[in-house]
Amino acid sequence: MAGFWGRRRREEEALAAQDADLARRAEQALVAADERIRTTSDELAFAQAELGDSLTADLKAALDAVRLHLREAFQLHQLNHDEIPDTVEELRTRNARIAQLCEWAEALLDEKTGTLAETVAKVRRAPEVTAQVRRDADALAARIPQARDTIARLSSRYSETAMRRIASSGDEAEQLIAFATHGADVSERRRAAKQNEEANLALETATEAVRRAGAMLDAVEDFEIQALRAESTLANVVADSRGDIVAARNAPQTPEVVAAAAALEAALGALAPTGTPNDPFAELTQLRAANSALDDAIAKAQYRMEHPLPSVDQVQHALDDADRQLGVARGLIAGHRGWIGADARTRLAEAERLRVDVPGMIAAEDTREQALSSARRVALLASEALQLAQRDIDSSRPQQQPWGGDGWGGGGRRGGGGGDIVSGVLGGLVIGSILDGIFD
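Thresholds applied
- Every chain's residues receive numbers from 1 upward, in the order its sequence appears when written.
- Whole-chain, interface and lining totals are the exception, using all residues; otherwise, since this is a predicted model, local features are given only for residues with pLDDT of at least 70 and side-chain atom pairs are given and counted only at 80 or more.
- In computing side-chain properties, one takes all heavy atoms of the structure into account and sets aside hydrogens as well as water.
- Secondary structure elements follow DSSP: runs of H or I of four or more residues count as helices, runs of E of two or more count as strands, with numbering from the N terminus.
- Summary of the burial criterion: residues with accessible area below 20% of their type's maximum are buried, those above 50% are exposed, and those between are partly exposed, where the area comes from a 1.4 Å probe applied to protein chains only.
- Residue burial considers only the protein chains on display, and all accessible areas are found by Shrake-Rupley using a 1.4 Å probe.
- Side-chain atoms within 4.5 Å are what join buried Ala, Val, Leu, Ile, Met, Phe, Trp, Tyr and Cys residues into a set we call a nonpolar core.
- Whether two residues are in contact is decided by their heavy atoms, any of which lying within 4.5 Å being enough.
- A pair of aromatic rings is counted whenever rings of Phe, Tyr or Trp (Trp by its six-membered ring) have centres within 6.5 Å, and the orientation is called stacked for planes under 30 degrees apart, edge-to-face for over 60 and tilted otherwise.
- When the NZ atom of lysine or the CZ atom of arginine is within 6 Å of a ring's centre and also within 35 degrees of its normal, the charge is said to sit over that ring.
- In this analysis, the expected span of each helix is defined as 1.5 Å times one less than the number of residues it contains.
- To get the bend at any residue, fit one axis to the seven residues that end at it and another to the seven that begin at it, then take the angle between the two axes.
- Here an axis means a line fitted to C-alpha atoms, over the contact stretch when the element is a helix, while the angle between two N-to-C directions is reported on a 0 to 180 degree scale.
- Here the word oblique covers every angle except those under 35 degrees (roughly parallel), over 145 (roughly antiparallel) and from 65 to 115 (roughly perpendicular).
- Take the far helix as the reference: if the near one is turned anticlockwise from it by less than a right angle, the crossing is left-handed, and if turned clockwise, right-handed.
- Amino acids are sorted into nonpolar (Ala, Val, Leu, Ile, Met, Phe, Trp, Tyr, Cys and Pro), charged (Asp, Glu, Lys and Arg) and polar (every other residue, Gly among them).
- When charges are tallied, Lys and Arg are placed among the positive residues and Asp and Glu among the negative ones, while His and the ends of the chain are skipped.
- Salt bridges are counted wherever a side-chain nitrogen of Lys or Arg sits within 4 Å of a carboxyl oxygen of Asp or Glu.
- Two N or O atoms count as a polar contact when they lie within 3.5 Å, although within protein this holds only if one can serve as hydrogen donor and the other as acceptor, and sequence-adjacent residues are included solely when both atoms are side-chain atoms.

Trainee: Looking at this structure, I do not really get the overall build of the protein chain. What am I missing?
Mentor: Within the protein chain, the regular secondary structure consists of 14 helices and zero strands. For the protein chain, buried positions account for 35% of its 440 residues. Of the roughly 25,800 Å² that the protein chain leaves accessible, carbon and sulfur atoms contribute 55%.

Quick look at the structure:
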């Protein structure tokens with residue numbers, strides 16, 4: 001008994017120490033949060049003077065929310081020290097709530113002041129960014145004549161469809177550069193008028209316009225390299241396609257192979273003559289598609305030659321055999337429900353699930369092999385269900401009392417035993433399986 005009371009006293013002392021620590025942390029958090037509100041208020045005042053009210057609205061709203069919820073924390077702290085006695089649970093709940101509110105306030109102010117610091121840095125770097133935008137715009141403007149010359153030279157070599165991706169790049173880049181320069185001017189005017197939000201927006205759009213103009217001019221230079229690579233790859237695909245057409249003549253002449261070979265020959269014939277403007281990108285895409293289609297058709301024909309497709313009658317016969325075995329297993333299990341365990345029921349349920357999908361797969365050649373495999377799987381599962389069910393019946397049937405020696409007049413159990421009952425059924429199923437093999 002002394003040990004019990006000693007252990008309980010130690011637990012109470014440990015809990016009291018935890019409560020004291022929680023109360024101390026709640027007071028410290030309350031002081032820190034209140035001080036954080038004061039310093040953040042000063043930061044907000046300086047930021048409003050530099051950025052204006054629009055860019056500092058989020059921090060102001062956060063401060064208002066923190067002040068509102070911190071009043072609740074102060075009220076809870078006051079309740080902890082008024083003249084009304086409190087229970088230990090009440091003090092613990094209030095201190096936990098105070099700590100929670102102060103932690104939330106600190107996290108919210110950290111998030112908003114961090115965002116505001118980024119905005120302040122962006123505003124202070126605005127003159128530097130504006131100068132960089134102007135330098136980039138001038139450098140890009142100097143590249144426009146060369147880009148136009150490149151486009152004119154490539155237009156004599158490649159077709160109009162190939163040149164669409166860069167044909168207007170010079171003019172569009174020139175417009176974007178003019179827009180970027182105008183955006184930089186607008187940003188400077190808005191910043192001088194203390195409209196920092198509008199100034200930042202104008203500067204961001206100017207920066208994006210410069211980036212897009214640079215990307216367009218780079219695309220002109222990259223186009224020629226990409227086109228040369230496409231032409232080189234196209235030559236290799238043409239040689240490969242001609243070899244595939246020759247190989248297709250030795251492949252099984254199925255309708256798919258014949259049609260795919262004709263389509264590939266048509267794609268080869270549609271290539272632009274040497275020395276005339278062409279679109280190597282489109283030609284490469286079309287030729288690759290036709291080449292892949294012929295490869296797939298040949299592979300499928302060769303597979304079918306090595307693995308002949310089962311006939312509809314063969315699959316139907318396998319399905320009929322599966323239905324016979326399903327019927328026997330279903331009848332045996334239904335007639336001895338109380339004795340059948342989970343294994344036999346599971347095999348039967350899986351067999352019936354697979355059986356549902358077999359008829360829809362017989363007609364199509366692509367799924368007929370799967371239909372045959374599924375039908376045989378159904379028969380196997382049904383056979384296993386039948387054997388497992390018989391096992392359960394044999395193990396659950398009460399033993400017969402001897403009558404005149406052993407069983408009925410010295411014979412076995414009445415009716416010849418469960419194994420004798422099912423042996424005839426299994427024999428019939430085996431015969432059905434043998435007949436099924438005749439059609440394979």
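Trainee: I would appreciate a short explanation of the nonpolar core in the present structure.
Mentor: For soluble globular proteins, nonpolar side chains are generally found buried alongside one another. By size, the foremost hydrophobic cluster in this structure holds 50 residues, and its most contacted members are V133, Y158, M163, I166, F223, L287 and L294. Secondary-structure elements contributing two or more residues to this core are α4 (126-155), α5 (160-163), α6 (169-192), α7 (196-250), α8 (255-269) and α9 (280-306). Per-element accounting of this core gives the leading share, 16 residues, to α7. Contacts of L287, omitting those with residues within four sequence positions, involve L234, V237, V238, S241, L264, A267, L268 and L271. Core analysis: the second largest hydrophobic core is formed by 24 residues, L30, L59, A62 and L70 among them.

Trainee: Would you take a moment to explain the packing of aromatic side chains for this structure?
Mentor: Ring pairs (aromatic) are described by centroid distance and by the angle formed between their planes. Using the criterion set out here, one finds two aromatic pairs in the structure. Ring geometry for F223 and F281: centres 5.6 Å apart, planes at 55 degrees, overall tilted. On the criterion of sequence distance, the pair formed by F223 in helix α7 and F281 in helix α9 is long-range, its members being 58 residues apart. Residue class for F281 comes out buried when judged on its relative accessible area of 16%. In textbook terms, an aromatic cluster arises when at least three aromatic residues are bridged by ring pairs, as seen for Y158, F223 and F281. Over the aromatic face of F281 sits the side chain of R165, whose NZ or CZ is 4.2 Å from the ring centroid.

Trainee: Any chance you could explain α7 here in plain terms?
Mentor: Residues spaced three or four apart along an α-helix point in a common direction, a consequence of the helix completing one turn every 3.6 residues. Here α7 contains 55 residues, and its C-alpha end-to-end distance of 76 Å stays within 8% of the 81 Å for a straight helix at 1.5 Å per residue. Along α7, the helix axis deviates most sharply at D222, where the bend reaches about 35 degrees.

Trainee: Looking at this structure, how should I read the environment of A266?
Mentor: Here A266 lies in helix α8. In this structure A266 comes out as partly exposed when scored by relative accessible area, which is 49%. Residues A266 and L287, spaced 21 residues apart in sequence, show a C-alpha to C-alpha distance of 9.5 Å.

Trainee: Looking at this structure, I do not really get the packing of helix α11 (residues 342-357) against helix α13 (residues 365-396). What am I missing?
Mentor: The geometry of a pair of packed helices is captured by two quantities: the angle between their axes and the separation between those axes. Packing of α11 against α13 brings their axes to within 8 Å, and their N-to-C directions diverge by 160 degrees. Relative to α13, the element α11 lies roughly antiparallel. The hand of the α11/α13 crossing is left-handed. Of α13, the residues touching α11 (which contributes D343, A344, R347, L348, E350, A351, L354 and R355) are R377, V378, L381, A382, E384, A385, L388, A389, R391 and D392. Of the residues that constitute the contact of α11 with α13, the class distribution is 10 nonpolar, no polar and eight charged.

Trainee: I tried to follow the side chain of S187 on my own but got confused; where do I start?
Mentor: Take S187: it is sitting in helix α6. For S187, the residues in contact, after removing those within four places along its chain, are T130, A199, A202 and L203.

Trainee: Could you clarify how one ought to interpret the side chain of E283 in this entry?
Mentor: In this structure, E283 sits in helix α9. The charged side chain of E283 is buried without a salt bridge, its nearest counter-charge being R242 at 11 Å. In this structure the side chain of E283 is engaged in a polar contact, spanning 3.0 Å, whose partner is the backbone nitrogen of A272. A polar atom in the side chain of E283 sits 3.3 Å from the side chain of N278. If we ignore the near neighbours within four places in the chain, the residues touching E283 are L234, L271, A272 and N278.

Trainee: I would appreciate a short explanation of the pattern of salt bridges in the present structure.
Mentor: Enumeration according to the criterion identifies 25 salt bridges in this entry. The salt bridge involving E72 is made with R97; its shortest N-O contact spans 3.1 Å. Linking E72 in helix α2 (residues 57-80) with R97 in helix α3 (residues 88-124), this pair joins segments that are 25 residues apart in sequence. Exposure remark for E72: the relative accessible area of 29% places this residue in the partly exposed category. A relative accessible area of 30% means that R97 is categorised as partly exposed.

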